Amino acid sequence: MTAVALHAPFAGWLAPLSSVPDPVFGEGMMGPGAAIDPTEAVLRAPAAAQVLSIPDSAHAVTLLLANGVELLMHIGLETVALGGRGFEAQVRAGDRVAVGDPLIRFDLDAVALAAKDLITPIVVVSEGARIVVERPGRLLAAGDRFASVEAGAAAAPQTRTGSIARRTIQISAPHGIHARPAARIVALLRPYVAEVTLRNGDAFANARSTTSLLALAAKHGQRIEAEASGADAEAALDALAAFAAERFGDEEGAEAPMKPSTQGGGGICASPGLAIGQAFHYRARTVAPPRDGAGVALEREALDAALRQTAAMQAGAIGEAHRALIEDPDLLATAQREIAEGRSAAHAWLVATEQAAAVLRATGDSLLMERAADLEDVGQQVVQALTGVEAAPPALPKSAILIAQDLLPSQFLALDQARLAGIVTAAGGPTAHVAILASSAGIPMIVAAGEGVLAIPEGQSIILDADAARIESEPAVDRLASVAQTIAERRERRAADASSAHELCHMADGTRIEVFANLGSLADAAAAVSTGAEGCGLLRTEFLFLDREHAPDEDEQRALYASIAATLGDRPLILRTLDIGGDKPVPYLPAAHEENPALGLRGVRLSLARPDLLETQLCAAVAGVPGEQCRIMVPMITDLAELRAVRAMLDRAIAAVGRSKPVALGVMIETPSAALLADQIAAEADFLSIGTNDLTQYALACDRGNAAVSAKVDALHPAVLRLIGMAAQGARSHGRWIGVCGGLAADTLAAPVLIGLGVTELSAPPAAIPAIKAAVRRLDMAACVALAERACAASCAQEVRTILKGAVQ
Ligand code: PEP
Ligand code: MG
């Protein structure tokens, strides 16, 4: 295919696309490309082309290049919101333009003031097309050549380097792979590049798609097959298998945190409690969008914007599940296909969600059928964002007992909860998301009460006794008084629980324990902030640039580190230097064959063998992350000599970027050697953090990627606990803090023993933060110390687990 040269559409600074502070462009979701920060106010054709589309708002243009590649140029970020103010189109769809022809004139100052950013992404949107950006990080004059574009084989399958890995996974989650486990699996796999497919009998699922995972209908107790291909296939399946062993983060009965369903009075208790109020009938209204679209590029952009807007509005655990649906690649693919056929973004998204909902309904599985309501809900929310038409929530009377055929989570969330005393639905189930929402909001709810409730006269005074699944009309005065008292007390307790995830974490005896998050992407940083993380205890920087042919340069790294730091606000950011090798190979550093890669050139060993890479990274980190927020951590340390070598390089990097403030340098305790020598290491390290994943594999001589020994890889083994104890003692002897950032930190069962051994910081995946905080708040230090002693004296991991479970009861 012929390459087409691109010439600067205006003068400005040429930057890598990844520096654009907007995930749709910056993370390459729209396609590969570059970005230019303009210094002049006319956007010109970068090559001879035909104008495919230009919106009324004239903030962007799509061109068809001579080699058939579609190119999108988008002036500034979120400029669609300006509604055309400050922009003037110079061409129309269908026009043919020569290189240098003006396409859009804009008011540089006005747009710069009104827009989020003026940086202009230039991306190829055709499937498989390639763009080679020439020397990003330089100033361009208008017309300078800056890139070339080649058409690819359309929809060529992405080839990934690496092996194929397989595991059999036992589903121990109490409700199988329902919505929350599905969403969590998608989030878990996000840092990995491997394609992961799950098979349950004849059904296959893309493990990156929530809807696909739901349709797998994997139930408690079933065994399913997982297959992964790609550079980090083994690691991805490791993580998945470990997560499956933890019941995908589901507590026993987590999907239905309310009391066990109580049949009686013609309904089922979906959220316990008593409510007093007056009957009010809900009538749902939905928005029907136009069928036809206004051009493929425009509709795609509109859909992206609406999906982002809707995702940003989601909150809490249900929001987590909804966000996963919004980001679901299968749903998106269906919607994109519809758009390509000329449909409007709203119509396309409705088709995608309705089709997926139909698949779930067809399973006949009551849990999955309830999830179909979530899909429809997400469908409506996005349609409302696209059309701007809101299905207005009804104005509730004071103390309303809402009666509905069924209720969607978004319909529930749109209600004025201060006026909502209780809910009764004719249909629905006790584990529907709306039931969980009601439960966590402390609003009593009865579901499946039958059509009869729809005949209750509006305004009738009633008591809703959800515990007994009973509705009482015309209640006596003394009964009313006692019920009112109970309701008030329960509301207060729930509100305190929900809000405390964002408060600093202290144990019951007042000891401060920091609860931080492990991150592998910019999106993780936002998730961490929303779940209440107090900082980042481990940024796995190798995950940021895993699927690359070339090592990331300093500018690109600095920009991404700076974005992650900004997302975290003033929370500390512990950036781990590249931990490449072992089970984490990268395409840009092809490793020589090693008999035992886990014992080979990995982590800090590789960094010291390739000081150019580490130097670049350290400079990017200390320049990109400001002040005391910046902390550096080194993986796979075995002794002091390695730390000293890195310290010398860090000092040089600090001097090179002209930074005045020192930067804390910590060490990961991942090798038995580091744990045994922790007293020496802590003399020179500013902090220690235990990587229990590797410490366990090295202490127990069990490859963390080998299914044959995976049952033995248990970080609660007394040998591992004793090493943790030694490391903590070493840290204490020099007044350093010590944390845990390995998988054990996310296990609430392990929290008392880790704290009892001297750990004062736990760093875990963002989704695990609220549960960890709640568990830690219940702990007492003296009891933790005693428990840790008993655990270390045990003879095997199983015995430790039995001791810890006994202590929880
Ligand atoms: C660990 O080994 O526990 C750790 C946190 O590092 P990783 O899982 O990235 O190897
Ligand atoms: Mg490790």
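Please refer to the structure higher up on the page.
Heads up: these notes are all about the structure in this document.

What counts, and where the lines are drawn
Residues numbered from 1 in each chain as written. Chains lettered and ligands numbered in written order. Predicted model: local features only at pLDDT ≥ 70, side-chain atom pairs only at ≥ 80, totals over all residues. Heavy atoms only, no water. Pairing = 2+ DSSP bridges. Helix = DSSP H or I, 4+ residues; strand = E, 2+ residues; numbered from the N terminus. Expected span 1.5 Å × (residues − 1). Buried < 20%, exposed > 50% of the residue type's maximum accessible area, 1.4 Å probe, protein only. Core = buried A, V, L, I, M, F, W, Y, C linked by side-chain atoms within 4.5 Å. Contact = heavy atoms within 4.5 Å. Salt bridge = Lys/Arg side-chain N within 4 Å of Asp/Glu carboxyl O. Near = heavy atom within 4 Å. Polar contact = N/O pair within 3.5 Å; in protein donor to acceptor, adjacent residues only side chain to side chain. Areas by Shrake-Rupley, 256 points an atom, 1.4 Å probe, with all protein chains shown as cover. Nonpolar A, V, L, I, M, F, W, Y, C, P; charged D, E, K, R; others polar.

Focus: the pairing of strand 17 (residues 203-206)
Where strand 16 (residues 195-200) meets strand 17, 4 bridges bridge the pair, whose relative direction is antiparallel. Looking across to strand 17, one finds that Leu 198 is bridged to Ala 205. Count of turn residues in the strand 16/strand 17 antiparallel hairpin: 2 residues, of which Gly 201 carries a positive phi of about 65°.

Some details on helix 5 (residues 233-245)
Taking 1.5 Å as the rise per residue, helix 5 with 13 residues should run 18 Å; its terminal C-alpha atoms sit 18 Å apart, in good agreement. Along helix 5, the residues that are buried comprise Ala 233, Ala 235, Ala 236, Leu 237, Asp 238, Ala 239, Leu 240, Phe 243 and Ala 244.

A few points about the nonpolar core
Leu 688, Ile 724 and Leu 762 are the most contacted members of the largest nonpolar core, which has 91 residues in total. Once residues lying within four places of it in the same chain are set aside, the contact partners of Leu 688 are Val 667, Ile 669, Ala 678, Ile 681, Ala 682, Ala 727, Ala 731, Trp 737, Ile 738 and Gly 739. Membership of the second largest hydrophobic core comes to 54 residues, among which are Leu 216, Ile 224, Leu 325 and Ala 357.

Regarding the sheet that holds strand 2 (residues 12-16)
One open sheet accounts for 8 strands, arranged 9-5-6-7-11-3-2-13; its pairing is antiparallel. Both edges of this open sheet fall to strand 9 (96-97) and strand 13 (138-140), since each of them pairs with a single strand only. Summarising the sheet, strand 7 (residues 70-74) and strand 11 (residues 120-124) pair through 3 bridges and their orientation is antiparallel. Bridge pairing in strand 11 places Met 73 opposite Ile 122.

A word on the pattern of salt bridges
With the rule as written, the count across this model stands at 25 salt bridges. Among the ionic pairs, Glu 227 bridges to Arg 166, the shortest N-O distance being 3.0 Å. Residue Glu 227 is found in strand 18 (residues 223-230), and its partner Arg 166 is found in strand 15 (residues 163-170); the two are separated by 61 residues along the sequence. Under the relative-accessibility criterion, Glu 227 is labelled partly exposed at 33%. Note that Arg 470 and Glu 472 form a salt bridge whose closest N and O atoms lie 3.7 Å from each other. Taking relative accessible area as the criterion, Glu 472 reaches 17% and is therefore assigned buried. What you see here is one network of salt bridges that share partners, running through Glu 542, Arg 576, Asp 579, Arg 602 and Asp 694.

Observations regarding the site of ligand 1
Near ligand 1 lie 14 residues; those nearest to it are Arg 540, Arg 576, Lys 584, Gly 691 and Asn 693. Within the side chain of Arg 576, a nitrogen or oxygen atom sits 2.8 Å from an oxygen atom of ligand 1. With respect to ligand 1, the backbone of Asn 693 contributes an N or O atom lying 2.7 Å from an oxygen atom. Here ligand 1 has 290 Å² of accessible area as a free molecule, and 98% of this is covered by the chains. Elements represented by at least two residues in the shell around ligand 1 include exactly strand 28 (536-540) and helix 22 (692-700). When residues in the shell around ligand 1 are grouped by element, the largest group, 3 residues, is from helix 22. The class makeup of the residues in the shell around ligand 1 is 3 nonpolar, 4 polar and 7 charged.

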